[in-house]
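Remarks on the overall topology
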Number of protein chains: 2
Amino acid sequence: MKKVEEKLEELGRKVLEQLEKGRDPYIKITQRSLGNVSYDKDKGFLVIGNKYSKRYYLNIAHTRKFMQTLLVASYCNELIKENKHAGIRELYYALKHTIEGTKKENTFENQDESNPIIEDLELSLNVLREELNLTADRRGYLYGDIVIKDGEDEFNCSKLGRGGWAVPGNVEEIEFKRVNARYILVVETAAMADRLIEEKFAQKNKALIVACQGQAPRGVRRLIKRIHKEKKLPVIVFTDGDPYGWYIYSTIKQGSINLAYLSNRLSVPDSKFVGMTIDDIETYGLENVTEKLKETDLKRIKEELEYPWFKTKEWQRQLKLALKKGVRIEQQALANKSLSFVADKYLPEKIENEIFLS
Amino acid sequence: MKKVEEKLEELGRKVLEQLEKGRDPYIKITQRSLGNVSYDKDKGFLVIGNKYSKRYYLNIAHTRKFMQTLLVASYCNELIKENKHAGIRELYYALKHTIEGTKKENTFENQDESNPIIEDLELSLNVLREELNLTADRRGYLYGDIVIKDGEDEFNCSKLGRGGWAVPGNVEEIEFKRVNARYILVVETAAMADRLIEEKFAQKNKALIVACQGQAPRGVRRLIKRIHKEKKLPVIVFTDGDPYGWYIYSTIKQGSINLAYLSNRLSVPDSKFVGMTIDDIETYGLENVTEKLKETDLKRIKEELEYPWFKTKEWQRQLKLALKKGVRIEQQALANKSLSFVADKYLPEKIENEIFLS
């Protein structure tokens, strides 16, 4: 596979060659529309097709975007050469300026203009933005017996007190030196991850705990994918029992439509879902601590019923059950049994007996 | 000072004594209203007064809250005895149940009922909720040359790669074994903290970097306060130049009205504000990368103009300048100069020459 620098230079060189031949230069941009995205059943994730458009310099409908594309590509090339990383908002600010000789024509008016250009480049060059040395917003932490090497530093993520390791936005360059775990448990809320840390769940069950603190950010997704692939650890997802939690699972497993073209780098198609499920309410006697679904939740569930990867018998039954009962159930509701219930009974029982929703 | 367990037991014993005397038992609750909060100019933070109310069991307007208070106090007592910690949402779920002998009378209907009871207890017993073994939601990370001991673990927060240490919600029990730093730099956004980590700002300037990722959560505030107090490090705050950023600074420095009664445990009255300021726009030639203030921002600034701690000449001038110019300036806008500008020039220049807004 070509190195990222080579791809960026090739992009520039092609434009130059066209100019030297006196032609109107263009850049090939892979299409990101729904029509170019499909669900690959065998691979188990969303994939991108081959459709592309040509972005021409001399087509005034294209000119602005053409120049923005070259500007961003050239900036990323510099970042890589200097071994620096920039946030996507930094990139926007770094490149924003009034074009010389114009009165008030800015390269970018706001970040909504620069973000899609980054996605265009990722897609058309088939690289992750992290490989362009662009860093995603970060959130989430990792706790468990894994030794990570980052630059000069080497540390064990089970030796950082109750805090754990704050996962950076870019994990391309870290190495996993040693792992002593049977699986990765991805947990939606920090409160639940902290419960499991306090109960010594990681030690007792040989688990790595990853708190994603809401929808999993790119750094966390890439971290999960890399540990899964390089260390052959299964991924088990534990979220609230509601459409938002199920969507977190869905993103980790199959990717999102917006990032479909990166699915193979970010998704873990054989992720398992351990809970919460609507069935858990009856199984564990949690009727007293459910919450009512809102209108927006109901709407979201109806959308999820249509997702290809939720078309299995079990998921269809579960989603319809949620609609019928009209309730949701949170991870933390398990505290109603006892604080240690989730760590001593709920999770071990389900995980060891492989009671997953699939 | 009495231990927390003793305070909780005293609360229970007093109720019992009243019952044994055949009296209608009550609990003294310190008032949390604005009328009982004032700004102590000498101390430099918000303080709580001596006004209290009596919450009676047999007053039907009080009965529900009276019982909830005892329920929460008793649960916290158990937590402390078992050396366990619970999130405030876990507490809600743990205590929620239908009262025996009633048809559908629940102890709590939602968390909006249990949260104020926790605040009542903190205030009336003069303890932090962390001391009641209740854990706040966590966010934020710490990077820099400080050795922390948490339980059996001891680690240096400058040896954790680019990630840093994820700050837990409860930092009461950690110890600072060794610190090699001149000051604490509190940074609003993760993107900026990551920029400074990449530029080796912590090493070059002997700084501890704390990313609060928005409004500083309690764990982060308490961490800052403890390092400041125990290790005598000054606190310097670096936020976006907008009303939201200034409010982050204000909370770290003076506390919030809601948590005024905890100010002395959470605030650092002599925190310094390094930026961003509206003056920075002209000083550093950032006119091209400002953003327009929205209606809500303008309203927020007008409110801040009335805060006692923003009544200084410099802050009044600054806030009025923001209103006049109608713009805001983000930390990351400094990338417009160059990525390393903030680390090589902006911050060192301002910090070493003590160019703070006060």
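All values derive from a computational prediction rather than experimental measurement.

1. Brief notes about the relation of the copies chain A and chain B
Least-squares fitting of chain A to chain B yields an RMSD of 0.0 Å, with the transformation described by 0.0 Å of translation along the axis and a rotation of 180°. Taken together, the rotation and translation relating the two chain copies correspond to the operation of a two-fold axis. Of every C-alpha in chain A, the one belonging to A:A166 sits nearest the axis of rotation, 2.3 Å from it. Of the interface residues in chain A, 98% have counterparts in chain B that sit at the interface too, so the contact is made through matching surfaces.

2. Quick word on the confidence of the model for chain A
Here chain A shows a mean pLDDT of 94. Residues at 70 or above account for 98%. In the model output, the complex is listed with pTM 0.93 alongside ipTM 0.91.

3. Quick word on the interface of chain A and chain B
With 53 residues of chain A at the contact, the number on the chain B side is 53 residues. Roughly 4500 Å² of surface becomes buried between chain A and chain B when both sides are summed, with 41% attributable to carbon and sulfur atoms. A per-residue breakdown of the area chain A buries against chain B is headed by A:Y93, A:R138 and A:R162, which together make up 17% of the total. Counting across the interface, chain A meets chain B through 14 salt bridges. The closest approach of N and O atoms between A:R89 and B:E291, which form a salt bridge, is 3.7 Å. Linking chain A to chain B there are 39 residue pairs in polar contact (both at pLDDT 80 or more). The residue makeup of the side of chain A that touches chain B, split by class, is 20 nonpolar, 15 polar and 18 charged.

4. Here's the deal with the sheet that holds strand β11 (residues 175-179) of chain A
All names here are of chain A. Spatial strand order, β9-β8-β11: three strands in an open sheet with antiparallel pairing. In this open sheet, the two strands that pair with only one neighbour each are β9 (153-156) and β11. Each adjacent strand pair in this sheet contributes to an overall mean axis angle of 20°, direction not counted. Of the pairings in the sheet, the one linking strand β8 (residues 146-150) to β11 comprises four bridges and is antiparallel in character. Within β11, the residue paired with I148 across the bridge is F176. Lying on the sheet, helix α7 (residues 218-231) is in contact with β8 and β11; it crosses β11 at an angle near 60°.

5. Overview of the sheet that holds strand β8 (residues 146-150) of chain B
Residues and elements named next belong to chain B. Here we have three strands laid out as an open sheet, ordered β9-β8-β11, and antiparallel in their pairing. The open sheet has two edge strands, β9 (153-156) and β11 (175-179), and neither has a second partner. With strand direction ignored, the average angle separating the axes of adjacent strands in the sheet is 20°. Relative to β9, β8 is paired through four bridges, and the arrangement is antiparallel. Following the sheet pairing, D150 is matched in β9 by D153. Sheet contacts for helix α7 (residues 218-231): β8 and β11; angle to β11, the most-contacted strand, approximately 60°.

6. Regarding the packing of aromatic side chains
Under the counting rule described, the total for this entry stands at 32 aromatic pairs over all chains. Their ring planes at 45° and their centres at 5.3 Å tell us that B:F155 and B:W165 sit as a pair that is tilted. With B:F155 in strand β9 and B:W165 in strand β10 (residues 165-166), this residue pair connects regions lying ten residues apart in the sequence. Given the relative accessible area of 5%, B:F155 is considered buried. Between B:Y307 and B:F310, the aromatic rings sit 6.1 Å apart at their centres with planes inclined by 5°, giving stacked as the arrangement. Here the aromatic cluster, defined as three or more aromatic residues joined through ring pairs, consists of A:Y39, A:W246, A:Y247, A:Y249, A:F273, A:Y307, A:W309, A:F310 and A:W315.

7. Some words on the pattern of salt bridges
All chains considered together, the criterion is met by 68 salt bridges over all chains. Residue A:K84 pairs with B:E199 through a salt bridge whose shortest N-O separation is 2.7 Å. Residue A:K84 is found in the loop between α2 (63-82) and β5 (86-87), and its partner B:E199 is found in the loop between α5 (190-198) and α6 (201-205); the two belong to separate chains. The buried category is assigned to B:E199, whose relative accessible area is 7%.

8. Considerations on the pairing of strand β3 (residues 45-48) of chain A
All names here are of chain A. Bridge count for strand β2 (residues 37-40) against β3 is four bridges, and the pairing is antiparallel. Paired with D40 across the strands is F45, a residue of β3. Joining the antiparallel neighbours β2 and β3 is a turn of four residues, in which G44 adopts a positive phi near 85°.

9. Digging into unusual backbone geometry
In this structure, A:M276 follows A:G275 across a cis peptide bond, with omega equal to 0°. Structurally, A:M276 can be placed in the loop between β15 (272-275) and α10 (278-283). Even without being a glycine, B:N83 presents a positive backbone phi close to 55°. By secondary structure assignment, the location of B:N83 is in the loop between α2 (63-82) and β5 (86-87).

10. A look at the side chain of B:N133
Residues and elements named next belong to chain B. Tracing the sequence through the fold places N133 in the loop between α4 (111-125) and β6 (134-135). Judged by its relative accessible area of 7%, N133 falls in the buried class. There is a polar contact of 2.8 Å between the side chain of N133 and the backbone oxygen of K84. If sequence neighbours within four positions are ignored, N133 has contacts with L79, I80, N83, K84, H85 and A86.

Parameters and conventions
- Residues numbered from 1 in each chain as written.
- Chains lettered and ligands numbered in written order.
- Predicted model: local features only at pLDDT ≥ 70, side-chain atom pairs only at ≥ 80, totals over all residues.
- Heavy atoms only, no water.
- Least-squares fit on C-alpha atoms with pLDDT ≥ 70 in both.
- Contact = heavy atoms within 4.5 Å.
- pLDDT = per-residue confidence, 0-100.
- Buried area = accessible area lost by both parts, 1.4 Å probe.
- Salt bridge = Lys/Arg side-chain N within 4 Å of Asp/Glu carboxyl O.
- Polar contact = N/O pair within 3.5 Å; in protein donor to acceptor, adjacent residues only side chain to side chain.
- Nonpolar A, V, L, I, M, F, W, Y, C, P; charged D, E, K, R; others polar.
- Pairing = 2+ DSSP bridges.
- Helix = DSSP H or I, 4+ residues; strand = E, 2+ residues; numbered from the N terminus.
- Axes fitted to C-alpha atoms, helices over the stretch in contact; angles between N-to-C directions.
- Phe/Tyr/Trp six-rings, centres within 6.5 Å; stacked < 30°, edge-to-face > 60°.
- Buried < 20%, exposed > 50% of the residue type's maximum accessible area, 1.4 Å probe, protein only.

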